[in-house]
Amino acid sequence: KAGVTQTPRYLIKTRGQQVTLSCSPISGHRSVSWYQQTPGQGLQFLFEYFSETQRNKGNFPGRFSGRQFSNSRSEMNVSTLELGDSALYLCASSLDPGATNEKLFFGSGTQLSVL
Amino acid sequence: GDSVTQMEGPVTLSEEAFLTINCTYTATGYPSLFWYVQYPGEGLQLLLKATKADDKGSNKGFEATYRKETTSFHLEKGSVQVSDSAVYFCALRLNTGGFKTIFGAGTRLFVKA
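As a starting point, this report considers the structure included with it.

Reading guide: rules and limits
- Residues numbered from 1 in each chain as written.
- Chains lettered and ligands numbered in written order.
- Predicted model: local features only at pLDDT ≥ 70, side-chain atom pairs only at ≥ 80, totals over all residues.
- Heavy atoms only, no water.
- Core = buried A, V, L, I, M, F, W, Y, C linked by side-chain atoms within 4.5 Å.
- Buried < 20%, exposed > 50% of the residue type's maximum accessible area, 1.4 Å probe, protein only.
- Helix = DSSP H or I, 4+ residues; strand = E, 2+ residues; numbered from the N terminus.
- Phe/Tyr/Trp six-rings, centres within 6.5 Å; stacked < 30°, edge-to-face > 60°.
- Lys NZ or Arg CZ within 6 Å of the ring centre and 35° of its normal.

**Comments concerning the nonpolar core**
Consideration 1: Formed by 44 residues in total, the largest nonpolar core has its most connected members in A:Y35, A:F106, B:W35, B:Y36, B:F73, B:Y88 and B:F103.
Consideration 2: Here this core takes eight residues from strand β10 (residues 86–95) of chain B, the largest share from any one element.
Consideration 3: Counting residues in hydrophobic clusters, the runner-up holds 21 residues, among them A:I26, A:F47, A:F60 and A:C91.

So, in structure tokens, the structure goes:
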């Protein structure tokens, strides 16, 4: 069974541009969540989706947005990039969204560098 | 708000030493607690979990007990190996009108031969 797939693996953008990252969950998983990982802040929760609906959102500005498609694939978008957006963006999927003890399966991430 | 605090690293130990990585949390509800691990060059993966008070999660010689009275979930291993060198993340997951998982900042562990 294929794992969580994130594309692209690396991205270099300049300030002011926008970027779209993609995540394909494990087959059969219907919940997808996104995280920003930086050396100083660790992993910070961005948002979680289930059945094309955003169920929860972290404390990030409106420049960060996402969506989920009917096949459970998800995209996140960052507009008007800032230097501080440079980070590893991780996507995770899970099988049963209705439980707090649900295990997350992570992708390898997209490393975004903003110059 | 909901948060996870874990001890700062890096932690450097010799092989066969005892390991403790402290983790405490603040949560508005009744969360499940997790330890995830990120080995060099690999993705984040679940190490162990516990879902209610006094539950003990265990895997690969690591253990952690859900302590509701002290809001803690400390990770322990009796004898570390070089292969345990990694970054360890404590996390909680709860439902606040929508599910979310909150991670600590991570603790890097180096084990010397």
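**Some points on the packing of aromatic side chains**
Consideration 1: This model, assessed by the stated rule, comprises 13 aromatic pairs over all chains.
Consideration 2: Between A:Y35 and A:F106, the ring centres sit 5.7 Å apart and the planes meet at 50°, which makes this aromatic pair tilted. Here A:F106 lies in strand β10 (residues 105–106) and A:Y35 lies in strand β4 (residues 31–38), a separation of 71 residues in the sequence. Pair check on accessibility: A:Y35 and A:F106 agree, each one buried.
Consideration 3: For the pair B:Y30 and B:Y66, a centre-to-centre distance of 5.9 Å together with 70° between the ring planes defines the contact as edge-to-face. Taken as a pair, B:Y30 in the loop between β4 (23–26) and β5 (32–38) and B:Y66 in the loop between β8 (62–65) and β9 (75–77) lie far apart in primary sequence, 36 residues in all.
Consideration 4: Its relative accessible area of 42% is what places B:Y30 among the partly exposed residues.
Consideration 5: According to the relative accessible area criterion, B:Y66 is buried, its value standing at 0%.
Consideration 6: Taken together, the ring pairs in this structure connect A:Y35, A:F45, A:F106, B:F34, B:Y36, B:F89 and B:F103 into an aromatic cluster.
Consideration 7: Between A:R9 and the ring centre of A:Y10, over which it is positioned, the NZ or CZ distance is 5.1 Å.

Distances and angles like these do not, on their own, reveal function.
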